[in-house]
Amino acid sequence: MGGKTEAAGKPADFSRRLFGGSRQRICFPTAAKVSEAEETFLNKFPRVKGGKTALTIAAGFFILTADQAERAEQVQQVKARDKLSILGMTFHAHHGFEEHEIENGQRFEIDVEMIVDISRAAETDMLSDTVDYRRVYRLIKSIVLEQRFYLIETLSQRIASAILESFDVQEVTVRVRKPVAPLGGLAEGTQIEITRSKA
């Protein structure tokens, strides 16, 4: 058994005390009383049956293995999933398969929705603590106007990849529309929508 540690006031406090390279179980005395918040936190883990692995309450102790301790820390570090969007960006570009699309160009409309954690920016009111959507716009503009693709599928993928590589974004949804796509009939256009996330 690992060394006993005083119960802390917050789940994050005692989860951070679990690391020491040992694969042994680590115990937390319950004598100091476990708060409702800590109990809720600990209940995220399966109960032990027959004294095997995972979390249990036995002989007055909370018991976690090192692997469970790491998972506990990860639970505490889950980022908020806030959404930052730039909608209706419009460009005249030369993407397409038909000869007249390549030569004359046409209008493309693009939306991006980025999943980010704006918690710190909301507290500090500092632009440096969030994603600067002006930089996102400039990045998209450079891809749309300076590169050429046959397919809007490829264009949308390049935009999504560039955003994930360049910004602290967990996930991005990209929509690319061709309002006057050559379909041979009446329609309001074509659209591709993709969602990509960081590994």
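Owing to the predicted nature of the structure, the values given are computational and were not obtained by experimental measurement.

Undergrad: Any chance you could explain the sheet that holds strand β4 (residues 82-93) here in plain terms?
TA: Strands pair in a sheet through their backbones, by hydrogen bonds, and they do so in one of two ways: parallel or antiparallel. Overall, antiparallel pairing links the four strands, which are arranged β4-β5-β6-β7 in an open sheet. Each having just a single partner strand, β4 and β7 (190-197) make up the two edges of the open sheet. Each strand axis lies, on average, 15° off the axis of its neighbour in the sheet, ignoring direction. Against the sheet, helix α6 (residues 133-146) touches β4 and β5 (106-116), its axis set at about 35° to β4. Packed on one face of the sheet, helix α7 (residues 152-166) meets β5, β6 (171-178) and β7 and runs near 30° to β7.

Undergrad: When you look at the pattern of salt bridges in this model, what are you seeing that I'm missing?
TA: What the rule picks out here adds up to eleven salt bridges. A salt bridge links glutamate 101 to lysine 178; its shortest N-O distance comes to 2.7 Å. Of this pair, glutamate 101 sits in helix α4 (residues 99-104) while lysine 178 sits in strand β6, and the two are 77 residues apart along the sequence. The class for lysine 178 is buried, based on a relative accessible area of 8%. Note that arginine 177 is salt-bridged to glutamate 109, the shortest N-O span being 3.1 Å. Placement of the pair is arginine 177 in strand β6 and glutamate 109 in strand β5, with a sequence separation of 68 residues. Arginine 177 gets classed as buried once you look at its relative accessible area, which sits at 19%. The network of salt bridges with common partners includes Lys83, Arg107, Glu109, Asp111, Glu113, Arg175, Arg177 and Glu193.

Undergrad: Would you mind showing me how to read the packing of α6 against α7 here?
TA: How two helices sit against one another is set out by the angle between their axes and by the gap between those axes. Running from N to C, α6 and α7 cross one another at 145°; their axes reach a closest spacing of 10 Å. Crossing of α6 against α7: the hand is right-handed. Contacts between α6 and α7 pair Arg135, Val136, Leu139, Ile140, Ile143 and Val144 from the former with Leu155, Arg158, Ile159, Ala162, Ile163 and Ser166 from the latter.

Undergrad: Could you clarify how one ought to interpret α6 in this entry?
TA: Side chains three or four residues apart in an α-helix point the same way, a direct result of the helix having 3.6 residues per turn. Its 14 residues place the ends of α6 20 Å apart at the C-alpha level, agreeing with the 20 Å of an ideal helix rising 1.5 Å per residue. Of the residues making up α6, those classed as buried are Val136, Leu139, Ile140, Ile143 and Val144. The buried residues of α6 occupy one face: seen down the axis, they fall within an arc of 125°. Exposed residues on α6 whose side chains face more than 90 degrees from its buried face are Arg138 and Glu146. At its buried positions, α6 is contacted by β4, β5 and α7.

Undergrad: How do you make sense of the confidence of the model for the protein when you look at a structure like this?
TA: When pLDDT is low, close inspection of the predicted coordinates is not appropriate. Per-residue confidence for the protein averages 76 on the pLDDT scale, and 61% of its residues sit at or above 70. Note that pLDDT drops below 50 for residues 47-61; the model gives that stretch 35 contacts with residues more than four away or on any other chain.

Undergrad: What is the right way to read the environment of glutamate 109 from this model?
TA: Sequence-wise, glutamate 109 and leucine 87 are 22 residues apart; in three dimensions their C-alpha atoms are separated by 8.7 Å. In this structure glutamate 109 touches Met89, Thr90, Arg175, Val176, Arg177 and Pro179, once residues within four positions along its chain are discounted. Engagement of the side chain of glutamate 109 in a polar contact is seen with the side chain of arginine 107, the distance being 3.3 Å.

Definitions and cut-offs
Residues numbered from 1 in each chain as written. Predicted model: local features only at pLDDT ≥ 70, side-chain atom pairs only at ≥ 80, totals over all residues. Heavy atoms only, no water. Pairing = 2+ DSSP bridges. Helix = DSSP H or I, 4+ residues; strand = E, 2+ residues; numbered from the N terminus. Axes fitted to C-alpha atoms, helices over the stretch in contact; angles between N-to-C directions. Contact = heavy atoms within 4.5 Å. Salt bridge = Lys/Arg side-chain N within 4 Å of Asp/Glu carboxyl O. Buried < 20%, exposed > 50% of the residue type's maximum accessible area, 1.4 Å probe, protein only. Left-handed = near helix turned anticlockwise from the far one by under 90°. Expected span 1.5 Å × (residues − 1). Arc of directions from axis to C-beta. pLDDT = per-residue confidence, 0-100. Polar contact = N/O pair within 3.5 Å; in protein donor to acceptor, adjacent residues only side chain to side chain.

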